[in-house]
Amino acid sequence: MYKQFYISLVLFVAVIHTFRAQEDEDENDLGTETVTVTKAYSPTISDAFKIKTVPNLNDSIVLQKKKIDYSIFSVPVASTFTPAKGKASTVKKTPPPELFNSYAAAGGGNPANVMAEFYTSRTIDRESGYTIGLDHNSSRGDIAGVALDNIFSNTELEGAYKKRDRDIDWGFDIGAQHQLYNWYGLPAETFDQTVIDGIDERQNYFMAEAGAHINVSDAYFKGASVQYRRFWDAVKSGENRVVLEPEFEFPVQDEMFGIRLKVDYVNGNFENAPLSVPDNTTGIGYSNLQVGVNPVLTMLRDDLSLKLGVNLVYGLDGERNDGNFYIYPAVTASYRLLDDFAIAYGGIEGTLRQNSYYGFVADNPFVSPTLNIVPTDQQYDGYLGLRGQLLPNLSYNVKASYKAENRKPLFLLNPQNTLRTDEKGYNFGNSFNVFYDDVKTLGIFGELNVDFNRNFTVSVNAAYFNYSTETDNPAWNLPEVTANLFLDYQLGEKWFMGANLFFVGERQDVATVAIPSGVTADFPATILDLDSFFDANAHVGYRLNNQLSVFLKAANIANNNYQRWANFPVQGIQVLAGATYKFDF
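Residues numbered from 1 in each chain as written. Predicted model: local features only at pLDDT ≥ 70, side-chain atom pairs only at ≥ 80, totals over all residues. Heavy atoms only, no water.

Some details on the overall build of the protein chain
Along the backbone of the protein chain there are three helices and 26 strands. Every one of the 585 residues in the protein chain was classed for burial, and the buried ones make up 33%. In the protein chain, 59% of the contacts between residues at least 6 apart in sequence involve partners at least 24 apart. About 37400 Å² of surface is accessible on the protein chain, with carbon and sulfur atoms providing 57% of the total. (Helix = DSSP H or I, 4+ residues; strand = E, 2+ residues; numbered from the N terminus. Buried < 20%, exposed > 50% of the residue type's maximum accessible area, 1.4 Å probe, protein only. Contact = heavy atoms within 4.5 Å. Areas by Shrake-Rupley, 256 points an atom, 1.4 Å probe, with all protein chains shown as cover.)

In structure tokens form, the structure reads like this:
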């Protein structure tokens, strides 16, 4: 330490001496000199002084660390747990329903009702297959207060073959039908038992038909269909009908232009004369040919669908050798106002509707085999409506229409003609004729469909009609109000049930008595008011397994012997039980 102090003192004195020497030089004014540096400055760093040893601490108060020993207290525990391997969870799949290609059903009940059904659909290969169906319904029960036999039977047999190729599908079908009905609607308290016992009231209808069709993809010729039907009865009446309908379609820029052709020919004859004629000496023949062309231009936009067309028809009455040419409108349109919530639609259409004996029997099986068959000139049917979905499960449809028809067929009671001695007993005021009138009809229709869920659906509709006739007569046997309610309920996987309730408003008919002159205007006549009626039908069933189920059906639950046609009351309550079996055939 003294050495360091001494060195520092020497350095200080040297510095002081230097400053003083500089001051003396300034005083002597030695002048300026130029100093040339011939070597760049290159500083170096000397090694730092390092302490080579660690100093010893001689502090007497340094604490000594105490040694600590650690120990673990463990107790053995017995365990039987065995970990399982992890497995990914899976979604449980609902197995697809087991399908069968055939089923058979049979049942029976009161009053002596029998039903039977059979259906099978089989494939021959991937492109073709055939179907066969059989349906039978009959009843041998007696209706209270009816003097004549009132049994009925309806049996249908159908078969079809279809084949589908890449661009073409075609097929043909055949069918046969037998119907048994009775003209049991005698006027009350009109004939004595002797006359009643001599009446042969049974009528049998027979039908055989065959048809074929072809549909073509990606071609101007879209397809065609042809149908032939033979219909006859037990009173030597017969009818033939052939309908041919080809269709073509051509693109026109962004639109589509279609042409539909139709040839409809019906001819037939009745061995018996109209009941207004005193003597049954001449029969009735008819022959009606229609040839129609229906060009239509279809325009589709985002929310608009429009079809502009015209229906051109030539009608020929072969019996009278009288032909006429008809032009009808064929315009329809629909427009989405609010997506699926509201869709407005409307149109005006007309046609020459072909009438036939087969069609009249389908509407009213109690007609007499003495009909005059002519086509109906439907001049136009204009309508405007709104349909859509108020909710995802609630849909609606409302429509207003106005229709004008010439020669509209109306069913009317035949006159009592005891002057006639026909082979069958339909001349006692217990059968119906067809009366043609020019009728204008104003109609209002409304419908609601509710799907509460996948298993419960309800549908209700109602219609109102106002008729105006050319003859100022009532629109015979046409109701002004009709309503229907349909229920379908699937309770779980086993139970199913449904119901159908319908209402038909009041109608009018007229009862007449033939006189020897045969002038219908002079026949004594009485207006008949037919009461409105309500009918309820229901069914319930239970599936025992995938193949076998049982069912119970009830008809006319209110047990009301109402009259659908004048003097023809229906059966009361009817209960039928049966079973259905599905299988692979």
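That was the structure; now back to the text.
A short note on a nonpolar patch on the surface
Residues V226, Y228, V242, L244, V263, Y265, V291, Y314, F325 and I327 make up a contiguous nonpolar surface patch of about 840 Å² in total accessible area. Where the nonpolar patch is concerned, the elements lending two or more residues are β7 (221–233), β8 (238–252), β9 (255–270) and β12 (322–338). Here V226 lies in strand β7. Residue classification places V226 among the partly exposed residues on the basis of a relative accessible area of 36%. (Patch = residues over 30% accessible without salt bridge, like charges linked within 9 Å, V, L, I, M, F, W, Y side chains within 5 Å. Salt bridge = Lys/Arg side-chain N within 4 Å of Asp/Glu carboxyl O.)

So, the nonpolar core
Of all hydrophobic cores here, the largest spans 38 residues; its most connected members are Y357, F366, V367 and L371. Sorting the residues of this core by element identifies β6 (202–216), β9, β10 (284–300), α3 (357–363), β15 (394–413) and β16 (432–453) as the ones contributing at least two each. When near neighbours in sequence (up to four residues on either side) are disregarded, L371 contacts F270, I284, Y357, F360, F432, N433 and V434. (Core = buried A, V, L, I, M, F, W, Y, C linked by side-chain atoms within 4.5 Å.)

Thoughts on the pairing of strand β1 (residues 102–110)
It is a general feature of regular strands that their side chains alternate between the two faces of the sheet. In this structure, β1 lies alongside strand β26 (residues 574–583), joined through nine bridges in antiparallel fashion. Residue pairing in the sheet places A104 in a bridge with Y581 of β26. Bridge analysis of β1 against strand β2 (residues 113–123) gives eight bridges, and the strand direction is antiparallel. Residue pairing for β2: G107 is matched across the bridge by M115. Between β1 and the antiparallel strand that follows it, β2, lie two residues; A112 among them carries a positive phi value of about 55 degrees. (Pairing = 2+ DSSP bridges.)

Notes on the packing of aromatic side chains
In total, this model carries 35 aromatic pairs according to the counting rule given. Every member of this aromatic cluster is reached through a ring pair, and the members are F152, Y181, Y184, F360, F366, F411, F432, W565 and F568. Taking NZ or CZ as reference, K399 lies 5.6 Å from the ring centre of Y383, over its face. (Phe/Tyr/Trp six-rings, centres within 6.5 Å; stacked < 30°, edge-to-face > 60°. Lys NZ or Arg CZ within 6 Å of the ring centre and 35° of its normal.)

Here we look at the pairing of β6
Relative to β6, strand β5 (residues 168–182) is paired through 15 bridges, and the arrangement is antiparallel. In the strand pairing of β6, F172 is matched with A212. Taking the residues between adjacent antiparallel strands as the criterion, β6 and β7 are bridged by four residues, where D218 takes a positive phi near 55 degrees.

Details of the pattern of salt bridges
Scanning the model with the defined rule gives eleven salt bridges in all. Between K424 and D200 there is a salt bridge; the shortest N-O distance is 3.2 Å. Taken together, the positions of K424 in the loop between β15 and β16 and D200 in the loop between α2 (193–197) and β6 put the pair 224 residues apart, joining distant regions of the chain. K424 gets classed as buried once you look at its relative accessible area, which sits at 11%. Ionic pairing is found between K408 and E405, a salt bridge with its closest N-O pair at 3.3 Å. You'll find K408 and E405 in the same group, each marked buried. Overlapping salt bridges bring together R353, E405 and K408 as one network.

Shape is all these values report; function is a separate question.
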